[in-house]
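Geometric and topological summary
Listed here are the chains, written in short residue letters.
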There are 4 protein chains.
Amino acid sequence: MESRVKDLSLAEKGREQLYWAERNMPVLLEIRRRFEREKPLAGQTVAACLHVTKETGVLVRTLAAGGARVVVIPSNPLSTQDEVAAALAQEGIHVYAWRGMSERDYYNAIGFALSFQPTVTLDDGADLTSTIHKLRHGIRDKTLDYVMETAGSVDAEKLVAGLRGGTEETTTGVLRLRALKSAGKLLYPIIAVNESYTKYLFDNRYGTGQSTWDGVLRATNLLIAGKNVVVAGYGWVGRGIAMRARGLGARRVIVVEVDPVRALEAVFDGFEVMPMDEAAKVGDIFITATGNIRAINLGHIFKMKDGAVLANAGHFNVEIDVAGLERVAVAKRQIRQYLEEYTLPNGRRVYLIGEGRLVNLVAAEGHPSEVMDLSFANQALAAEYVVKNKLAIDVYKLPDELDREVARLKLKTMGIEIEELTEEQRQYLTSWELGT
Amino acid sequence: MESRVKDLSLAEKGREQLYWAERNMPVLLEIRRRFEREKPLAGQTVAACLHVTKETGVLVRTLAAGGARVVVIPSNPLSTQDEVAAALAQEGIHVYAWRGMSERDYYNAIGFALSFQPTVTLDDGADLTSTIHKLRHGIRDKTLDYVMETAGSVDAEKLVAGLRGGTEETTTGVLRLRALKSAGKLLYPIIAVNESYTKYLFDNRYGTGQSTWDGVLRATNLLIAGKNVVVAGYGWVGRGIAMRARGLGARRVIVVEVDPVRALEAVFDGFEVMPMDEAAKVGDIFITATGNIRAINLGHIFKMKDGAVLANAGHFNVEIDVAGLERVAVAKRQIRQYLEEYTLPNGRRVYLIGEGRLVNLVAAEGHPSEVMDLSFANQALAAEYVVKNKLAIDVYKLPDELDREVARLKLKTMGIEIEELTEEQRQYLTSWELGT
Amino acid sequence: MESRVKDLSLAEKGREQLYWAERNMPVLLEIRRRFEREKPLAGQTVAACLHVTKETGVLVRTLAAGGARVVVIPSNPLSTQDEVAAALAQEGIHVYAWRGMSERDYYNAIGFALSFQPTVTLDDGADLTSTIHKLRHGIRDKTLDYVMETAGSVDAEKLVAGLRGGTEETTTGVLRLRALKSAGKLLYPIIAVNESYTKYLFDNRYGTGQSTWDGVLRATNLLIAGKNVVVAGYGWVGRGIAMRARGLGARRVIVVEVDPVRALEAVFDGFEVMPMDEAAKVGDIFITATGNIRAINLGHIFKMKDGAVLANAGHFNVEIDVAGLERVAVAKRQIRQYLEEYTLPNGRRVYLIGEGRLVNLVAAEGHPSEVMDLSFANQALAAEYVVKNKLAIDVYKLPDELDREVARLKLKTMGIEIEELTEEQRQYLTSWELGT
Amino acid sequence: MESRVKDLSLAEKGREQLYWAERNMPVLLEIRRRFEREKPLAGQTVAACLHVTKETGVLVRTLAAGGARVVVIPSNPLSTQDEVAAALAQEGIHVYAWRGMSERDYYNAIGFALSFQPTVTLDDGADLTSTIHKLRHGIRDKTLDYVMETAGSVDAEKLVAGLRGGTEETTTGVLRLRALKSAGKLLYPIIAVNESYTKYLFDNRYGTGQSTWDGVLRATNLLIAGKNVVVAGYGWVGRGIAMRARGLGARRVIVVEVDPVRALEAVFDGFEVMPMDEAAKVGDIFITATGNIRAINLGHIFKMKDGAVLANAGHFNVEIDVAGLERVAVAKRQIRQYLEEYTLPNGRRVYLIGEGRLVNLVAAEGHPSEVMDLSFANQALAAEYVVKNKLAIDVYKLPDELDREVARLKLKTMGIEIEELTEEQRQYLTSWELGT
């Protein structure tokens, strides 16, 4: 099967979107120009399990320009932009993606990717990578049954042997891969793209920071000025969300955090810190970004004010106890697109955005292209790096020099010049004898 | 010699200042209570080469409470608070410090410290540690001559043999020590206190961020709103200064930086980035925080507008080319305390704060006690750590657990409660099989 | 005729929207509860010529609860939400409104309203009020011909005699009414709702400030962090936009303003100020809010960088010279919904949002309900006020006490308590003899 | 008597300060150059009852340059900069001022001023103006007894007859004068300088906003980041203080306000609002700016946390109940200059800055010169205006054109160019025929 998308006639619309994304992804375009000349991925099959957005499309075109055969599947059942999927399929990319996949469709997509015997995996949340590990370690469950429906006669041993390496985009995914590594079960080298400065310092903070609020506004049209906002988690995502909440005029910005150093940093950054049990009582809008399960549980929800709005900005839809909410609610109805009202037994109503899935991808358009330009420049360089270098099986950070190269390209494309060290200054930095 | 200070009759005034500092350093007080019980430093001689401020006084009292004999000398010739020095001397601490020391006095103080045969060194800028290294490696210069005037018959080999370890407070100092380590010349283990999160994330950013502006305001009484502020260096100090410049209403906040990743972060944080050659033309107030030499050189100064104000927030007074300025100025006069006007050959006047020395220590009172509480809690725990553990010769970061302990104590003393992980959440964080 | 709307079957969808709006308009609901008890509008016929949106629907229901017979017609041919019109019609309100009316339809609607012999008029732009004046003063034109097609046998003298008063929402409308007053031709008392603090201090600044950026994000999905934003006009709208640009992380926020006092305020608020000729060269995103014509003209557009984005937040689509742009562009194409690319003769491309029409209404959803709650609470109280008081013929500001009452209700519904003056304090404020 | 100051030998030091102030007051210098040519105040005696600071010195020199005989007395017993007083006295100005005056000294100074039979009064808090009114209306009290000790044989009727007009700098003062006007007792025309945009929009907000924090930092050296700050009053002063508290990283910024419209504005500006009774329990730092008595009373103080810091930014020292605090405290001691510790019967300690007097003048240097440049440019133009125009007895705002002139001069001296209206735009703004 070549591709399976919603509707190929959407391709023209998708090409327009890709055009606009490319206008805002100059770093990736610069890399693409080099890839076209050097063909560093010639002979490789790259399986990209990513949110199928216009920005991913620009990355995919870059990988293809580098000589790779590219297979694209979604990393989330709800985040595919069908127009982009159509445009890529028409350009000869192997795509298996549409918005609103069932769980079965979703794992069928992974099977589809595996049927191509990829040599490089690009992952966002580690679902593709985990599946390969389950397959090889013989852990059979329902999801794997779905995978096998489309994978064809895949030989797990041969598949793993052929893998040059993979990349992982998210913190959540890297946590899972390090757990595998610790358990002695990791099967091939992985570049933790999220540990590149030009990725995690930028897309989590500035990208999610903005696009989360974009999603909240589109879903609710609420005024943020004067509201009490509760942010669960003060990692890079959480601090981006908190920073923009303040920038939009929120009255109280309350951070819920388990790590004392991060909690203290939140305090000194000018935010309130308290446990969710307390925050639940005062919040108007709650946003989770913990990478953990049930950051908002039923106990918290029962304490909330009538009218509270809940959204999740973390990778998986486990941070808010949606299942619990479904179970206890005495009534539920859709209010607006992506906004559902649950009436609790205590008579209060809470509003859940996008079923508790990634709010910026469900209710808005994900990260702006400009930050994905940085993240995907890292992805492209990481794919090239695992192909060019024979790495031992481990989880790696991309070399600092590549990281700085991405920053340098970005500044250059923005027309920004930076300071250069003088020779005297370079020497000074490495000396130890100079005194007061 | 027991102590040498400006005037012992200032002691009462010093005790008042220590009282106020202690009110705002609850973490250190908590550690002091434990030290009083456990006496972990019994039998040790601690030489503390630090800015002799009220906060340092609280640390010194804590070390003494832990059983140590403590010697205090300044880490900067201009930063000693004479009242505090008097109060400490009166309490039986060995102090050799006064405000406005000559270069000779300054190195005499180091000699004084060495005469006590310290077993632990606490350093801020690595002048004490460097001196020990010069002494042992036989590098003789003028400063060492001064040291020997007061050191007595110090046996360098025996001195080094007796050293359990040291600590270093600043980035600048750690750079020097890592250079020593690289050169294979480091003589004893050092804890880079600056690498503790609860130190570098807090005192550089929030402490220097605020106190630098406090210094600028005291020295100039200028209105920051509407001004163009140029910050050289976007490390933790620089970003604190830039953040507060914005918070005080600066019109343009321009960052000058050599590292592309940091420069890009400055851009996304909402600051302008350009080389100093360009920034020089538009700035009203210039503040250096690069840890490097001549971040502002004569070429830059000649491009500045009439009325430009220059200050340094970096550890050493090398960041602005003060010597060059002295050389070329056609006139110089003092305008206010800590503010000197230089008339350039081009007729323009620039204003230098505190001779280009650390603006927050010279023109204000250094870091507020609350941040020094964190930094010095790390110093106290580091001193205990090097005594309790036999470390190999290297530069270390304090263990994360101690770091978190400092944050936990701080939050507790502020009356702030944080979230706790549930057992389910703890497990989730270590699992890898959960999927989308 | 009872009502004329697009499609009555949209009513259910409209009720959902009204439900969500009511959740966020608690002040109006509180007033409605009182109106239900007191029926202050019993016997009155209110003709409301407003944008037919979900928020207007909540106002209309409030007036009806107060005992009025309500007739709803649009104040703009393009702004009607057909679902809301349907829902209101089904509830027994007399509605004559659909999206995309012709000029004839639009004035037919006014005639429809007049056929009910209104005793109170609510207006937004003064089209209804002007028509009544033309009718009475015998000024016949094409629009009046349209009006007469649906007005039935209206007796102008009797109509005017029956009018208790009217309200006007916009500055533009108030200007027209004051001109009538000056000419001695005003026929009945009018409350200028826009002069209430709880209207103009809030909806222009916080409402447009947020919704303008909501519109820009929906139209472009650009990252604001790191961008240079140019805001033309520093009135309440402009300062809201500039404030939020900073809050979203813009690198440079440049204000273009003709009034020196406002310009100076922008400078002290931490923004750059320069003429558009200079700003044109450095801006990435341009937003106009001047209330004036050609704030961005062709000369400015030719100076812009490739990729510049243009949007208008002012009432009329005259602030950007769209006609000029259409004339000189060598190519034009739609990139996304509400975003068009123009290629200039110099090869650069600029991007225009929503044809230069009000960006927050075209590309987003206009003001959030929370700010309309304040504006329309003023409308409801103004309608009650003209009925309860026999006012002389003039243009009035709502009494301060009612203004404060709106603020008081808003705070109460947000659960916020404020300070009360003590008797001693009340006296102090009116005394003049107390000295230093 | 010519002058009475602390020490004439401080004059050289004072001249240095005046030099620095003049560098930062270019608008006043520009006006001075015109005054020198035009001598608009020739033959007038100006009594200036102002804080005797370096900025006032620049104003005084400007008035003298305009041909006036100038008498300078303080508007606060603690705010005189003795060096400046000395310098002015040496230049032939009649000065009666020193830091730390008793109540008797303070009113003696007013008597001194009256002995010169002023024709114009410049006032800051209306003490001089009130005294003249008491004198003429025959209201005799203790303060008037002090006044008479130095006034000589002053004929109240003749004095008032000779007065061309006066100016008043503060909101508080204007309140008192409007009360006099309402009571039909105002005796001569007053320009409420505080109602000029270039005064009240700037010095209250940006000047006091910054200098209040400057005062708090000098008095306490506390870290603002992480603190809970309570601001009483959300007028222009209060909003400046709240804005800068946020800019310095305060955790919670809580506004206490009696007016619901202002309270609502604070909420939408992103601040918490609550009554002082609630705020008292959570605040770390309290600052009053209400213009009212006992904004912080004993009941509030008893609810405060151990360690709370209190300061006043309002004109009079009545906003904090200092007398009550003195009465109930079980112990009191000075901790630092301008900082006193009170131990309450409940064992908690609160810290009062500068005896509850104007914190920015007592503990810092008052407004930066740049904002006083605007305020005093208005004062100078107002003095000229009352001399040139024969005004009826009332309280006036300075004409808008003079206001804009001040802004224009300021922008020019900052090198900032603003936009100019085109002819087309000018016409558009005055047209009324354009419709929907």
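Residues numbered from 1 in each chain as written. Chains lettered and ligands numbered in written order. Predicted model: local features only at pLDDT ≥ 70, side-chain atom pairs only at ≥ 80, totals over all residues. Heavy atoms only, no water.

Re the environment of Glu103 of chain A
Residue and element names in this part refer to chain A. The topology assignment puts Glu103 in helix H5 (residues 103-114). Taking the C-alpha atoms as reference points, Glu103 and Tyr188, separated by 85 residues in sequence, lie 26 Å from one another. Discounting chain neighbours no more than four positions away, the residues touching Glu103 are Lys142, Thr143 and Tyr146. A distance of 3.1 Å separates polar atoms of two side chains, one belonging to Glu103 and the other to Lys142. (Helix = DSSP H or I, 4+ residues; strand = E, 2+ residues; numbered from the N terminus. Contact = heavy atoms within 4.5 Å. Polar contact = N/O pair within 3.5 Å; in protein donor to acceptor, adjacent residues only side chain to side chain.)

Focus: the packing of aromatic side chains
According to the stated counting rule, one finds 44 aromatic pairs over all chains in the structure shown. Considering the side-chain rings of Tyr96 of chain B and Trp98 of chain B, the 5.5 Å spacing of their centres and the 45° angle between planes classify their relative orientation as tilted. What makes Trp98 of chain B buried here is its relative accessible area of 12%. Considering the side-chain rings of Tyr197 of chain C and Tyr200 of chain C, the 5.9 Å spacing of their centres and the 45° angle between planes classify their relative orientation as tilted. On the criterion of helical spacing, the pair formed by Tyr197 of chain C and Tyr200 of chain C is a turn pair, its members being 3 residues apart in helix H10 (residues 197-200). Joined through ring pairs, the aromatic side chains of Tyr96, Trp98, Phe112 and Phe116 of chain A make up one cluster. A cation sits over an aromatic face here: Arg333 of chain A above Tyr19 of chain C, 4.0 Å from the ring centre. (Phe/Tyr/Trp six-rings, centres within 6.5 Å; stacked < 30°, edge-to-face > 60°. Buried < 20%, exposed > 50% of the residue type's maximum accessible area, 1.4 Å probe, protein only. Lys NZ or Arg CZ within 6 Å of the ring centre and 35° of its normal.)

Points about the pattern of salt bridges
All told, the structure shown has 187 salt bridges over all chains when counted by the stated rule. Here Glu55 of chain C and Lys54 of chain C are joined by a salt bridge, their closest N and O atoms 3.2 Å apart. A salt bridge links Glu423 of chain C to Arg426 of chain C, with the shortest nitrogen-to-oxygen separation between them at 3.8 Å. Placement of the pair is Glu423 of chain C and Arg426 of chain C together in helix H20 (residues 423-430), with a separation of 3 residues, close to one helical turn. Each of Lys54, Glu55, Asp214, Arg218 and Glu365 of chain A together with Arg336 of chain C takes part in one network of salt bridges that share partners. (Salt bridge = Lys/Arg side-chain N within 4 Å of Asp/Glu carboxyl O.)

Regarding the relation of the copies chain A and chain B
Structural alignment of chain A on chain B gives an RMSD of 0.1 Å, achieved by rotating through 180° and translating 0.0 Å along the axis. The transformation relating the two chain copies, once decomposed into turn and shift, fits a two-fold axis. Taken as a fraction of all interface residues of chain A, those also at the interface in chain B reach 100%, which identifies the copy contact as same-surface. (Least-squares fit on C-alpha atoms with pLDDT ≥ 70 in both.)

Let's talk about the interface of chain A and chain B
Listed per partner, the contact involves 71 residues of chain A and 71 residues of chain B. Both faces combined, the contact of chain A with chain B buries some 6,300 Å², and carbon together with sulfur accounts for 66% of it. A salt bridge links Glu424 of chain A to Arg294 of chain B, with the nearest nitrogen and oxygen atoms 2.4 Å apart. Summed over the shared surface of chain A and chain B, the number is 16 residue pairs in polar contact (both at pLDDT 80 or more). Considering each element in turn, the side of chain A that touches chain B owes the most residues, 7 residues, to helix H13 (residues 260-268) of chain A. Residues belonging to the side of chain A that touches chain B are distributed by class as follows: 39 nonpolar, 12 polar and 20 charged. (Buried area = accessible area lost by both parts, 1.4 Å probe. Nonpolar A, V, L, I, M, F, W, Y, C, P; charged D, E, K, R; others polar.)

Some thoughts on the interface of chain C and chain A
Listed per partner, the contact involves 44 residues of chain C and 45 residues of chain A. Regarding the contact of chain C and chain A, the summed buried area is about 3,800 Å², with carbon and sulfur atoms giving 50% of it. Scanning the region where chain C abuts chain A turns up 6 salt bridges. A salt bridge links Glu365 of chain C to Arg336 of chain A; the nearest nitrogen and oxygen atoms lie 2.7 Å apart. In this assembly, chain C and chain A are joined by 24 residue pairs in polar contact (both at pLDDT 80 or more). Elements represented by at least two residues in the side of chain C that touches chain A include exactly helix H1 (11-23), helix H11 (203-220), helix H12 (236-247), strand S13 (331-336), strand S14 (339-343), strand S15 (349-353) and helix H18 (369-388) of chain C.

Points about the UniProt feature "binding site: substrate" (unreviewed entry) in chain A
Residues and elements named next belong to chain A. Feature annotation in UniProt places "binding site: substrate" (unreviewed entry) on Thr53, Asp124, Glu169, Lys199 and Asp203, given in this structure's numbering. Here Lys199 lies in helix H10 (residues 197-200). The contacts of Lys199, once residues within four sequence positions are left out, are Glu169, Val193, Asn194, Asn204, Ser375 and Asn378. Side-chain polar atoms of Lys199 contact the backbone oxygen of Glu169, separated by 3.0 Å. Within the secondary structure, Asp203 is located in helix H11 (residues 203-220). Residue contacts for Asp203: discarding those within four places in its chain leaves Glu169, Thr208, His367, Val371, Met372 and Ser375. (UniProt positions renumbered as here; feature names shortened; annotations may be inferred.)

Considerations on the environment of Leu411 of chain B
Relative to the elements of secondary structure, Leu411 of chain B occurs in helix H19 (residues 400-413). Accessibility expressed as a relative area gives 3% for Leu411 of chain B, which makes it buried. As a C-alpha pair, Leu411 of chain B and Val27 of chain B span 384 residues in sequence and 9.3 Å in three-dimensional space. Residue contacts for Leu411 of chain B: discarding those within four places in its chain leaves Pro260, Ala263, Leu264 and Val267 of chain A together with Ile416 and Ile418 of chain B.

Quick notes on the pairing of strand S5 (residues 120-123) of chain C
All names here are of chain C. Neither face of S5 is open: one carries Val120 and Leu122, the other Thr121 and Asp123, and all of them are buried. Where strand S2 (residues 45-50) meets S5, 4 bridges bridge the pair, whose relative direction is parallel. Note that in S5 the partner of Ala48 across the bridge is Leu122. Judged from the 4 bridges that link them, S5 and strand S6 (residues 165-168) form a sheet pairing that is parallel. Bridging across to S6, Thr121 finds its partner in Gly166. (Pairing = 2+ DSSP bridges.)

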